[in-house]
Amino acid sequence: MANNENLFKQIISHAKEYGFIFPSSEIYDGLAAVYDYAQYGVELKNNIKNYWWKSMVQFNENIVGIDSAIFMHPTIWKASGHVDAFNDPLIDNKDSKKRYRADVLIEDYLKKIEDKIDKEVEKAAKKFSPFDEQLFRSTNPRVVEYAKKIETITQRFSQMLNDEDLVGLKALIEELEITCPISGSRNWTDVRQFNLMFATQIGSVADGADTVYLRPETAQGIFVNFLNVYKTGRMKIPFGIAQIGKAFRNEIVARQFIFRMREFEQMEMQFFVRPGEELKCFKYWKEERMKWHLSLGIAPEHYRFHDHEKLAHYANAATDIEFDFPFGFKELEGIHSRTDYDLSQHEKFSGKKLRYFDHETNENYIPYVVETSIGVDRMFLAVLSNAFNSEILEDGSERVVLRLPAKLAPIKAAILPLVKKDGLPEIAREIMDVLKQDLMCQYDDKDAIGRRYRRQDAIGTPFCITIDHQTKEDHCVTIRERDSMQQYRVSIDTLKGTLINKF
Ligand code: ATP
């Protein structure tokens, strides 16, 4: 799917045209990087959340859920490190007045060199048969030179980020002659650190009010409730706490649709284990989370792990599950072994003991934590972009179809009386009333049946149920399947069971 700009544009406009995602505050010209989920979008999003919640909380007896508040005591963000270190390096172009992330400018530059390598490989693959790609990459002088350049810049760049060397970052941008994509100039300001948390005031009098933050992640709500859940839930290690909720980040470069938003949703699970068992547990959750993604039937080649070589100071293992979005492989989910860092920090800052008493070992300790953290919106985009298909049928007509995993589809079945007369709507209504008790259904009697099928294809409805004149005689309806467009008749009495079995 990599780098398919045109496909990405089609997906964004489809999402709007068919009621999945609208730009926020659109009649006021929108608000950058904020989006609203529309009538079908909210269904798909809820289905994704339920699918995750079920797999975590319902299927694991040792994982419970919570729903903590968005506002939390401001010291939490001091303890977690967000007040001091949740920063991105920003740089402005003085001519276009546009703001960029300095690290993203350099990453984009590196990506362009990578694209050049890919082009060379592509050209050679067409020319030589058989073609040994690995050999070509390691021997072709131009490719070797490009690869060396990437390696040297990456090394210097990582060191600068690590040392928070803002002067070095600016110097590198100048040295690489990176220009502003808008003005084309190299007239840059200095690089500054920019904290991504949104701050606001709590309390009625502005003078005496305290600064609070909109949480930039849901995880801290879990850490600060660790003791309460452990005690009231009589939890035994290893156990997990899961949460789905909104998070807010004042992203400098918020682009790529719902991939990077300023208000988004996370599904996070913190798993508390005995010290020393965290790496085994990390491996377990790494595999489990990939299995969860694959269980949706999305092709495995759209996923890959990106193990972190350089770890944050509090982590002893970390990986990202990356997805092949229309703009290339990017992070969809993070899995991190966070040691006892967060709970220790909260012990220190709150002065409260956050210990677990292990009856098996007779020890009192701060548990270690493995977390899985996935963005709901990124998962939505992954599912939507994977499902979007525009195909030419045998009769030459175009069909736009969302091949969504059936269990995630916003509408599970459409109930379609062939005509609006002859008693067919009455039968269709009866069927609708029965099915809607268990399945999200939609009744549609407008336009010719073919157009109605296309409308359902475009929103990803896996099954259309057509009621025709023969129904009055044989008490059967036609099921039309979205992906194969196959049609077959089933009796009304067995319809509900047949459909439920398919989910
Ligand atoms: P990135 O490097 O892409 O900014 P991150 O490493 O900062 O992501 P985490 O802090 O690990 O992300 O957050 C966990 C998950 O939350 C991410 O894997 C992603 O799915 C989601 N997420 C993070 N930031 C955003 C955002 N601005 N918009 C939408 N989803 C986000």
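Cut-offs applied
- Residues numbered from 1 in each chain as written.
- Predicted model: local features only at pLDDT ≥ 70, side-chain atom pairs only at ≥ 80, totals over all residues.
- Heavy atoms only, no water.
- Helix = DSSP H or I, 4+ residues; strand = E, 2+ residues; numbered from the N terminus.
- Buried < 20%, exposed > 50% of the residue type's maximum accessible area, 1.4 Å probe, protein only.
- Contact = heavy atoms within 4.5 Å.
- Areas by Shrake-Rupley, 256 points an atom, 1.4 Å probe, with all protein chains shown as cover.
- Lys, Arg positive; Asp, Glu negative; His and termini not counted.
- Charge placed at Lys NZ, Arg CZ, Asp CG, Glu CD.
- Near = heavy atom within 4 Å.
- Polar contact = N/O pair within 3.5 Å; in protein donor to acceptor, adjacent residues only side chain to side chain.
- Axes fitted to C-alpha atoms, helices over the stretch in contact; angles between N-to-C directions.
- Left-handed = near helix turned anticlockwise from the far one by under 90°.
- Nonpolar A, V, L, I, M, F, W, Y, C, P; charged D, E, K, R; others polar.
- 1 Å grid on protein atoms, 1.4 Å probe; cavity = no way out; pocket = protein on both sides within 12 Å on 5 of 7 lines; lining within 4 Å.
- Points joined across faces, edges and corners; volume = space filled by probe spheres on them.
- Domains from an automatic or database assignment.
- Buried area = accessible area lost by both parts, 1.4 Å probe.
- Pairing = 2+ DSSP bridges.
- Salt bridge = Lys/Arg side-chain N within 4 Å of Asp/Glu carboxyl O.

Colleague: Give me the overall build of the protein chain: which residues, what numbers.
Modeller: Within the protein chain one finds 17 helices and 23 strands. In terms of overall dimensions, the protein chain has a C-alpha envelope of 80 × 65 × 55 Å along the principal axes. Taken across its 503 residues, the protein chain has 49% of its residues classed as buried. Restricting to contacts in the protein chain with at least 6 residues of sequence separation, those with at least 24 account for 65%. Surface exposure of the protein chain reaches about 25,500 Å², of which carbon and sulfur atoms provide 50%. Within the protein chain, the 77 negative side-chain charges are centred at a point lying 1 Å from the centre of the 69 positive side-chain charges.

Colleague: Requested: an account of the site of the ligand, with residues and values cited.
Modeller: Residues in contact with the ligand amount to 15 residues; listed here are only the nearest, E251, R260, M261, E331 and L332. Within the side chain of R260, one N or O atom sits 2.8 Å away from an oxygen atom of the ligand. For the ligand, an oxygen atom lies 2.9 Å from a polar atom in the backbone of G375. Broken down by secondary-structure element, the contributors of at least two residues to the shell around the ligand are β10 (263-273), β13 (328-337) and β16 (368-375). The element contributing the most residues to the shell around the ligand is β13, with five residues.

Colleague: With reference to specific residues and values, describe the packing of helix α14 (residues 424-435) against helix α17 (residues 492-502).
Modeller: Interhelical geometry of α14 versus α17 gives an angle of 35 degrees and a closest axis separation of 11 Å. Between α14 and α17 lies a crossing whose hand is right-handed. In this structure, α14 uses I427, I431, V434 and L435 to contact α17, whose residues at the interface are I492, L495, K496 and L499. Here the contact of α14 with α17 is built from residues that sort into seven nonpolar, no polar and one charged.

Colleague: I'd like a rundown of the layout of surface pockets, residues and numbers included.
Modeller: Of the pockets and cavities examined, the second largest pocket occupies roughly 470 Å³. Looking at the second largest pocket, it is lined by 19 residues, and the ones nearest its centre are N50, Y51, K54, S55 and F59. Elements supplying a minimum of two residues to the lining of the second largest pocket: α2 (39-58) and α11 (278-294). When grouped by side-chain class, the residues that make up the lining of the second largest pocket number eight nonpolar, five polar and six charged.

Colleague: Run through the domain arrangement of the protein chain, naming residues and quoting values.
Modeller: Domain boundaries assigned for the protein chain yield domain 1 (1-72 + 213-403), domain 2 (87-195) and domain 3 (411-502). The straight-line distance from the C-alpha centre of domain 1 to that of domain 2 is 28 Å. At the junction of the two partners, domain 1 supplies eight residues and domain 2 supplies twelve residues. Between domain 1 and domain 2, roughly 760 Å² of surface is buried when both sides are summed, and carbon and sulfur atoms account for 55% of that area.

Colleague: Outline the sheet that holds strand β6 (residues 192-195), supporting the account with residue identities and numerical values.
Modeller: Each strand in a sheet pairs with another by means of backbone hydrogen bonds, the pair being arranged parallel or else antiparallel. The strand order β5-β4-β6 describes an open sheet built from three strands, whose pairing is antiparallel. Here the strands that pair on one side only, and so sit at the sheet edges, are β5 (99-101) and β6. The mean angle between the axes of side-by-side strands here comes to 50 degrees, regardless of whether they run parallel or antiparallel. Pairing between strand β4 (residues 87-92) and β5: three bridges, direction antiparallel. If you follow L90 over to β5, its bridge partner there is R101.

Colleague: Could you give me a rundown of unusual backbone geometry, with the residues and numbers involved?
Modeller: Geometrically, the link from S129 to P130 is a cis peptide bond, its omega value of 0 degrees lying close to zero. Looking at the element boundaries, P130 is found in the loop between α5 (102-127) and α6 (133-139). Backbone geometry places H475, a non-glycine residue, at a positive phi of 60 degrees.

Colleague: Which residues make up the pattern of salt bridges, and what values do they have?
Modeller: Within the structure shown, the criterion is met by 41 salt bridges. For K170, the salt bridge goes to E174, with nearest N and O atoms at 3.8 Å. Residue K170 and its partner E174 are both found in helix α8 (residues 166-175); the two are separated by four residues, about one turn of the helix. By relative accessible area, K170 is classed as buried at 16%. Ionic pairing is found between D457 and R399, a salt bridge with its closest N-O pair at 2.9 Å. In this pair, D457 sits in helix α15 (residues 449-459) while R399 sits in strand β18 (residues 398-402), placing the two residues 58 residues apart along the sequence. Comparing D457 with R399, the two get one shared label, buried. Shared partners join several salt bridges into a network, and the residues in it are E391, R399, R403, D457, R480, R482 and D483.

Colleague: Give me the lowdown on the side chain of E268, citing residues and values where you can.
Modeller: With respect to the helices and strands, the residue E268 is situated in strand β10. One buried charged side chain, E268, makes no salt bridge at all; its nearest oppositely charged neighbour is R249, positioned 6.3 Å away. A polar contact is formed between the side chain of E268 and the backbone nitrogen of A219, at a distance of 2.6 Å. A distance of 2.6 Å separates polar atoms of two side chains, one belonging to E268 and the other to S373. Excluding residues that lie within four positions of it along the chain, E268 makes contacts with W52, E217, T218, A219, I222, I241, A242, Q243, E371, T372 and S373.

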